[in-house]
Amino acid sequence: MIKSKICDDLGIKYPVFQGGMAWIADASLASAVSEGGGLGILAGMNMNGEQLTEEIRRTRRLTKNPFGVNVMLMSPYAEEVSDVVIREHIPVVTTGAGNPALYMKKWTEAGIKVIPVVASVALAKMVERRGAYAVVAEGGESGGHIGELSTMALVREVCSAVNIPVIAAGGIADGNGMAAAFMLGACGVQMGTRFLVADECTAHENYKQLVLKAGDRDTLVTGRRLGHPVRALKTNFSRMYKEKEADGAVSSEELEGLGKGALRLAAKEGDLQNGSFLCGEIAGLVTKRQSAAEIIRSVCEEAEALFRSAPSFVD
Ligand code: TUI
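As the structure is a computational prediction, the values presented were derived from the model and not from experiment.

A.B. asks: How should the side chain of N46 be read in this particular structure?
C.D. replies: Tracing the chain through its elements places N46 in the loop between β2 (40–43) and α3 (49–62). The exposure class assigned to N46 is buried, which follows from its relative accessible area of 17%. A polar side-chain atom of N46 sits 3.0 Å from the main-chain amide nitrogen of W23. Those residues in contact with N46 that sit more than four places away from it in its chain are A22, W23, Q51 and Y77.

A.B. asks: Could you clarify how one ought to interpret the pattern of salt bridges in this entry?
C.D. replies: Close approach of charged atoms lets side chains of opposite charge pair. Counted by the stated rule, this structure contains 11 salt bridges. With a shortest N-O distance of 3.7 Å, R61 and E54 are connected by a salt bridge. Accessibility expressed as a relative area gives 58% for R61, which makes it exposed. Classification of E54 by relative accessible area gives partly exposed; the value is 42%. Where R308 meets E304, a salt bridge forms, and the shortest distance between an N and an O atom there is 2.7 Å. Linking R308 with E304, this pair stays in helix α14 (residues 292–308), spanning four residues, or about one helical turn. Bridged by salt links that share partners, the residues R57, R60 and E88 form one connected network.

A.B. asks: Where do I start with the site of the ligand in this structure?
C.D. replies: Around the ligand, 18 residues are found, and the nearest of them are A97, V117, E138, G144 and H145. Within the side chain of E138, a nitrogen or oxygen atom sits 3.0 Å from a nitrogen atom of the ligand. Class assignment of the residues belonging to the shell around the ligand gives a composition of 10 nonpolar, seven polar and one charged.

Reading guide: rules and limits
Residues numbered from 1 in each chain as written. Predicted model: local features only at pLDDT ≥ 70, side-chain atom pairs only at ≥ 80, totals over all residues. Heavy atoms only, no water. Helix = DSSP H or I, 4+ residues; strand = E, 2+ residues; numbered from the N terminus. Buried < 20%, exposed > 50% of the residue type's maximum accessible area, 1.4 Å probe, protein only. Polar contact = N/O pair within 3.5 Å; in protein donor to acceptor, adjacent residues only side chain to side chain. Contact = heavy atoms within 4.5 Å. Salt bridge = Lys/Arg side-chain N within 4 Å of Asp/Glu carboxyl O. Near = heavy atom within 4 Å. Nonpolar A, V, L, I, M, F, W, Y, C, P; charged D, E, K, R; others polar.

Written as structure tokens, this is what we have:
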């Protein structure tokens, strides 16, 4: 069985995190992942404090296993959500899309294991100094908000720069990806795209169909002009957005307005015209519907088989 230091520390069976995907990572998905032996993570992004508290309680009714909460730092609710995780005694908090320095003291003092998602060595070193338990090094193959570096380079560079556990994310959806991440020095993986099609994922059926059908070149990145690049599936909406972004006559305010509500429309309504279907490059590998527990077990068993066959690479 694949295991690492983070399993004992976090009380999980498999070193697999589920990404805290906005509008997607709810009690249903997070509890299924935690029940399956991984770490389920609720998305704090699209909920205010009261809604998140309710979702945490729903999750607790569905699993007794540990789960985490992701605080998306660009969210208008980040401040109130940062207090909810303390009040609710959440054991693990991940952060995304920014620098979590503002909240780290109160979280670590409350005994929370803080695991920021980082896209650079500089941020990884900074959060290590401030008491982060681990980091998720997320490369630009990921869906959603991304940094500049690829997973291959970022994970390796972060692993060599810090002395805390590194969890790899971005472009990982099977045992080969997991084994590769461990070879780079990671001791866990976070997956988002593969969990989009989990039975317990409540994303709209249209979303799941798009992911299942997507090939390797079916995502694109928009939002660079606004300073927050986002990877999504190629659809009429994302192509139109990209064209407008390249058009100097379209103002940044107009672009901001276009993107508003698009994540909810994709996840909840399956709106193929106006929704933004965030998805990673590895979608081409995601072709099967399974339960969250089956996904976690099969990824870890594939990685284990690869490690067992590793001596064949050495003469
Ligand atoms: O946060 C994510 N993925 C997301 S958040 C999201 S919601 C959204 N909606 C519209 C526009 C933008 C976002 C959808 N997907 N992943 C974690 C992540 N964090 N990826 C990259 C980063 C990151 C990037 C730069 C973290 C820190 C950073 O620099 C911070 C600094 O100030 O140094």
